[in-house]
Amino acid sequence: RLVGAEICIRDRPRPGAARPRGEQAAGQGKDGGTMIIAVGGDADGFYPPVTINATSAQVSSMVFEHLAEPGDQLNVIGDAGWHGRLASSWTWGRDSLSLAFHLDPKARWHDGPPVRASDVAFTYQLYTDPKVGSDVAPLLENIDSVTTPDSLTAVFWFKRRSPQQFFDAAFQMRILPAHLLEKLDRREIASSEFARHPVGSGPYRFARWVPRQTIELVADTTYHRGRPHIDRLIWSIAPDPNAVLLRLLSGDADVVEFLRPSDFATLASHPELKVVEYPSLIYGYFIFNEVDPAHPSRPHPLFGDRAMRRALTMAIDRRQLVRSVFDTLADAAVGPVTHALPSYDSTIAQLPYAPDSAKHLLDAMGWRPAGKDSVRVKNGRALRFTIVVPSSSTPRVRMAVLMQQMFAAVGAKVDVEQVDFPTHGQRLATKQFDATIFTFASDGTPSAIRQTWSTAAADAKDGNNYASYRNPRFDALIDSASAQMDTARANAYYRRAYEMLNQDAAAIWLFEPLTFAGMHKRIMPVGLRADAWFANIDQWYIPASQRIARDRIGLALARP
C-alpha cells in the first residue's frame, strides 16, 4: 500500500535522443530553472577510470560522455537499440573484428577545443594502463587497440568476436580530454586538480564542489546534442538518510533518488511532492559463507555442505518475508537478475518453501533436535550460526530477525549481529562471517555474475564472490552464455546457470525492490533508466509556470 502518496509512472521515450536544433520556440517554456538533488554521501573525485562512488558517478555522467548509450531494454548483445552520444554513427568491419566510431564534429570540450579521435585512443590507454589501476581494465581485455585514421574516426580492433564487443567499446569508458591529461603522471591524475574540477564534453559544465556540502553544474548551452533544459544542477550532500528526506520535505531539495518504505506515509502529507517509479537493477539475497571464517582454506562447518544449504533455504518463506518488510514495494527475487534485464524469467525454478521437507532433510543428515529449545545437534555441535547485517539498513535488519524465527522453526539457533556499514563491508571482504543479507546493483550485463558467483571471483584476492561458491559447471554455462551472438540463446544459458545456483542453494534470493524517487511536482523527469536513473537529466525540465525563486538566479551566479 502506498498510503495515499501520488504515484507517477512515466512513459519513457527513447533515452538520449537529441532535441532538434530548431525546437527552441516550441520548447522555450522548458529551458531554465535549478534542480537540487539531495544525496547522503559526498563525491570522492571526478575521474571516471577509478571512481566507484555513487555521487561521483552521477556528476561525472553529466560532465563526461560515452561514445553511445543503450536504450531502455539495456541490450548488451550487438548494437540493437543503441544511439549515439559522443559518436554520431558507427561502422562495423566485414569480419566484425573492427568497429569505427564517427564522432560528432560539433562536440567540444568545455574549455573550447574540439573532441577528436585521439581523445578516444588516449582514453583507452588510460583505462588499460596498470599505473591507473582502473577496475574497468579487465572488461576491456578483448580490445586489442584503438587507431585513428582521421581526426573524427576512432577504430576499435578486437582480439575475437564477442557479443559484448559494442558494449565494451561504446559504454565501458567515459571519454577524457587528452590535451589536459596526457602530460600528467597517470598515477597521480586521481588526486590532481582535474579530478576536483573536471572538464568534459557532456551536457553540463562543472562549476564548483564544496566538500560535504554541495556540488554544482551549469548547462552547456552549446552542447552538441542540444541545450539541456535545466540551467543548473546542484547535489546537496546530507549527513544521513533521514536528513536527505528532510531536505525534500522542507523544500531545500527537489529530488531524492530512493525512497524507503517508511517514507511513503510522510510524503502523503506533502501535496507539493510526488513519487516516481523507475526500473532498477538492485536485488537482495542471503549469503551462505561456504568457507570457514577461522580457516578460509577449509569448508564452512555448516555451509560447506550443499544439503545443509538446501534445507535451510526450504525453511524460508521468501514471499512472506517480502510482504512483511516491503508490503507491496518489492517482489520476491528469482536469482541474480531483475525485471529490467533481458535475461529475467519469472519461471526460473526455485527450491520451494517446505519446512517439513527441511526438517526431514536435517534428520537424514544426522541433525537431531535436543534440549528444551529443540535446537538441532550433531556430534555435539549445535546447529547455530550468526547473520551479520548493516545497522544502517532497516529492511535488512528486519528481514534478518524474521529469518531468525523461520530458521528456529526447523531447529536452527540463529543470532543477528548488527554492525556499521564499513565494518559490514570489511567482514564480507575478509570472509569473517557465517551468513549475511547483501544488496547488489548489476551493471546491466548478465555476464556480470562472473564477478559475484564464478570460481575465478572466489579465488581472486579482491573478488566479490563473498559466498566463495565454486562450481565449474556453472562457470561453463556463463562462458557459453557470454559467447552467444543471439539474445535468445544467451538467455537460455543464463536461465540454466540461475537454476544451477538455486539448486546448489548458493544463496536465498530475497527481494527485488520497486524503486521510487521522491520529487517536487514541478520537476518533469524523462527517460529514467534502470542502470542509471540520472542518465538523461539533460532532457528533464521545469515548466516555466512552476518555477520558484531559486530558478530565477540564472546561470550567471552559477559560474565558478
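Calculation criteria
- Residues numbered from 1 in each chain as written.
- Predicted model: local features only at pLDDT ≥ 70, side-chain atom pairs only at ≥ 80, totals over all residues.
- Heavy atoms only, no water.
- Helix = DSSP H or I, 4+ residues; strand = E, 2+ residues; numbered from the N terminus.
- Rg over C-alpha atoms; globule rule 2.2 N^0.38 Å.
- Buried < 20%, exposed > 50% of the residue type's maximum accessible area, 1.4 Å probe, protein only.
- Areas by Shrake-Rupley, 256 points an atom, 1.4 Å probe, with all protein chains shown as cover.
- Lys, Arg positive; Asp, Glu negative; His and termini not counted.
- Charge placed at Lys NZ, Arg CZ, Asp CG, Glu CD.
- Pairing = 2+ DSSP bridges.
- Contact = heavy atoms within 4.5 Å.
- Polar contact = N/O pair within 3.5 Å; in protein donor to acceptor, adjacent residues only side chain to side chain.
- Axes fitted to C-alpha atoms, helices over the stretch in contact; angles between N-to-C directions.
- Parallel < 35°, antiparallel > 145°, perpendicular 65-115°, else oblique.
- Left-handed = near helix turned anticlockwise from the far one by under 90°.
- Nonpolar A, V, L, I, M, F, W, Y, C, P; charged D, E, K, R; others polar.
- Salt bridge = Lys/Arg side-chain N within 4 Å of Asp/Glu carboxyl O.
- Phe/Tyr/Trp six-rings, centres within 6.5 Å; stacked < 30°, edge-to-face > 60°.
- Core = buried A, V, L, I, M, F, W, Y, C linked by side-chain atoms within 4.5 Å.

Student: Honestly, the overall build of the protein chain in this entry has me stumped. Any pointers?
Tutor: Scanning the protein chain from N- to C-terminus turns up 17 helices and 23 strands. Relative to the 2.2 N^0.38 estimate, which gives 24 Å for 560 residues, the radius of gyration of the protein chain is 25 Å and therefore close to what a compact globule would have. Here the C-alpha coordinates of the protein chain stretch approximately 75 × 60 × 40 Å along the principal axes. Across the 560 residues that make up the protein chain, the buried fraction comes to 56%. Carbon and sulfur atoms form 51% of the exposed surface of the protein chain, whose accessible area is close to 23300 Å². In the protein chain, which carries 63 positive and 60 negative side-chain charges, the distance between the mean positions of the two groups comes to 2 Å.

Student: Would you mind showing me how to read the pairing of strand E8 (residues 153-158) here?
Tutor: The two faces of a sheet get side chains in turn, since along a regular strand they alternate between them. By the criterion of burial, E8 is predominantly enclosed, with 5 of the 6 residues buried. In terms of strand pairing, strand E6 (residues 98-103) meets E8 through 5 bridges, oriented antiparallel. Across the sheet, residue His 102 finds its bridge partner in E8, namely Thr 153. Where strand E7 (residues 143-150) lies against E8, 5 bridges are found, and the strand directions are antiparallel. Bridge pairing in E8 links Ser 145 to Trp 157. Between the antiparallel neighbours E7 and E8 lie 2 residues.

Student: Explain the sheet that holds strand E17 (residues 375-378) to me, please; I cannot follow it from the model alone.
Tutor: Neighbouring strands of a sheet are bound in pairs by backbone hydrogen bonds; such pairs are parallel or else antiparallel. Pairing is antiparallel in the open sheet, where 3 strands are placed in the order E16-E17-E18. For this open sheet the edge positions go to strand E16 (368-370) and strand E18 (381-382), each flanked by a neighbour on one side alone. Where E17 and E18 come together, 2 bridges link them in antiparallel fashion. Following the sheet pairing, Lys 378 is matched in E18 by Arg 381.

Student: Honestly, the environment of Leu 259 in this entry has me stumped. Any pointers?
Tutor: Mapped onto the fold, Leu 259 is located in the loop between strand E12 (255-256) and helix H8 (263-268). Between the C-alpha atoms of Leu 259 and Gly 518, which are 259 residues apart in sequence, the distance is 6.4 Å. Every residue in contact with Leu 259, bar those within four places of it in the chain, is listed here: Leu 245, Phe 264, Leu 267, Val 275, Phe 516, Ala 517 and Gly 518.

Student: I would appreciate a short explanation of the side chain of Gln 165 in the present structure.
Tutor: With respect to the element layout, Gln 165 can be found in helix H4 (residues 165-171). On the basis of relative accessibility, which here comes to 2%, the residue Gln 165 falls in the buried class. Side-chain polar atoms of Gln 165 contact the backbone nitrogen of Ser 162, separated by 2.7 Å.

Student: Looking at this structure, how should I read the packing of helix H9 (residues 306-314) against helix H11 (residues 355-364)?
Tutor: At a minimum axis distance of 7 Å, the contact between H9 and H11 shows a crossing angle of 155 degrees. When the axis of H9 is compared with that of H11, the two are roughly antiparallel. The way H9 lies across H11 gives a crossing that is left-handed. For the pair H9 and H11, contact is made by Ala 307, Met 308, Arg 310, Ala 311 and Met 314 and by Pro 355, Ser 357, Ala 358, Leu 361 and Leu 362, respectively. Taken together, the residues of the contact of H9 with H11 sort by class into 8 nonpolar, 1 polar and 1 charged.

Student: Would you explain the sheet that holds E6 in this entry?
Tutor: Pairing is antiparallel in the open sheet, where 4 strands are placed in the order E5-E6-E8-E7. Each edge of the open sheet carries a strand with a single partner, namely strand E5 (87-92) and E7. Taken over all neighbouring pairs, the strand axes of this sheet differ in orientation by 20 degrees on average, direction set aside. Note that E5 and E6 share 5 bridges and pair antiparallel. Bridge assignment links Ala 87 to a residue of E6, and that residue is Leu 103. Its contacts with the sheet put helix H3 (residues 117-128) on E6, E7 and E8, and the angle it makes with E7 is roughly 165 degrees.

Student: How do you make sense of the pattern of salt bridges when you look at a structure like this?
Tutor: Opposite charge on two side chains permits pairing when their charged atoms draw close. Applying the stated criterion across every chain, the model contains 24 salt bridges. In the salt-bridge network here, residues are joined through shared partners; they are Glu 69, Arg 529 and Asp 531.

Student: Just checking my understanding: could you explain the packing of aromatic side chains for this structure?
Tutor: Under the criterion given, the structure shown has 32 aromatic pairs. With a centroid separation of 5.6 Å and 80 degrees between ring planes, the pair formed by Phe 101 and Phe 156 is classed as edge-to-face. Residue Phe 101 is found in strand E6, and its partner Phe 156 is found in strand E8; the two are separated by 55 residues along the sequence. Taken individually, Phe 101 and Phe 156 each receive the classification buried, so the pair is uniform in this respect.

Student: How should I be thinking about the pairing of strand E10 (residues 214-219) in this particular structure?
Tutor: Where burial is concerned, most of E10 is hidden: 6 out of the 6 residues are buried. Alternating positions in E10 separate into two faces, Thr 214, Glu 216 and Val 218 on one and Ile 215, Leu 217 and Ala 219 on the other, with burial throughout. Bridge analysis of strand E9 (residues 204-210) against E10 gives 6 bridges, and the strand direction is antiparallel. Counted as the bridge partner of Arg 205 is Val 218 from E10.

Student: What's the story with the nonpolar core in this structure? I'm lost.
Tutor: The nonpolar side chains of a soluble globular protein tend to be buried, and buried together. Of all hydrophobic cores here, the largest spans 115 residues; its most connected members are Phe 101, Phe 156, Trp 453 and Trp 540. Here this core takes 7 residues from H3, the largest share from any one element. For Phe 101, the contacting residues outside a window of four places in its chain are Leu 67, Ala 87, Ser 89, Trp 90, Leu 152, Thr 153, Ala 154, Phe 156, Phe 166, Ala 169 and Ala 170. Among the nonpolar cores identified, the runner-up in size contains 59 residues, and Ala 238, Ala 311, Met 365 and Val 414 belong to it.

Student: Honestly, helix H7 (residues 241-249) in this entry has me stumped. Any pointers?
Tutor: Counting along an α-helix, one turn takes 3.6 residues, and residues three or four places apart therefore face a common direction. Every buried residue of H7 is listed here: Ala 243, Val 244, Leu 245, Leu 248 and Leu 249. Next to the buried residues of H7 lie strand E2 (34-39), E12, H8, strand E13 (273-278) and strand E23 (515-520). With a side-chain oxygen lying 3.0 Å from the backbone nitrogen of Asn 242, the N-terminal cap of H7 falls on Asp 240. Backbone geometry just downstream of H7 places Gly 251 in the positive-phi region, at approximately 90 degrees.

Student: Quick question: what am I supposed to make of the packing of helix H10 (residues 318-326) against helix H12 (residues 394-408) here?
Tutor: Between two packed helices, the angle of one axis relative to the other and the distance separating the axes together describe the packing. It is at 10 Å that the axes of H10 and H12 come closest, and there the two elements cross at 140 degrees. Taken together, the axis directions place H10 and H12 in an arrangement best described as oblique. For the pair H10 and H12, the crossing hand works out as right-handed. Only Pro 395, Arg 398, Met 399, Leu 402, Met 403 and Met 406 of H12 make contact with H10, whose side of the interface consists of Gln 320, Leu 321, Val 322, Ser 324, Val 325 and Phe 326.

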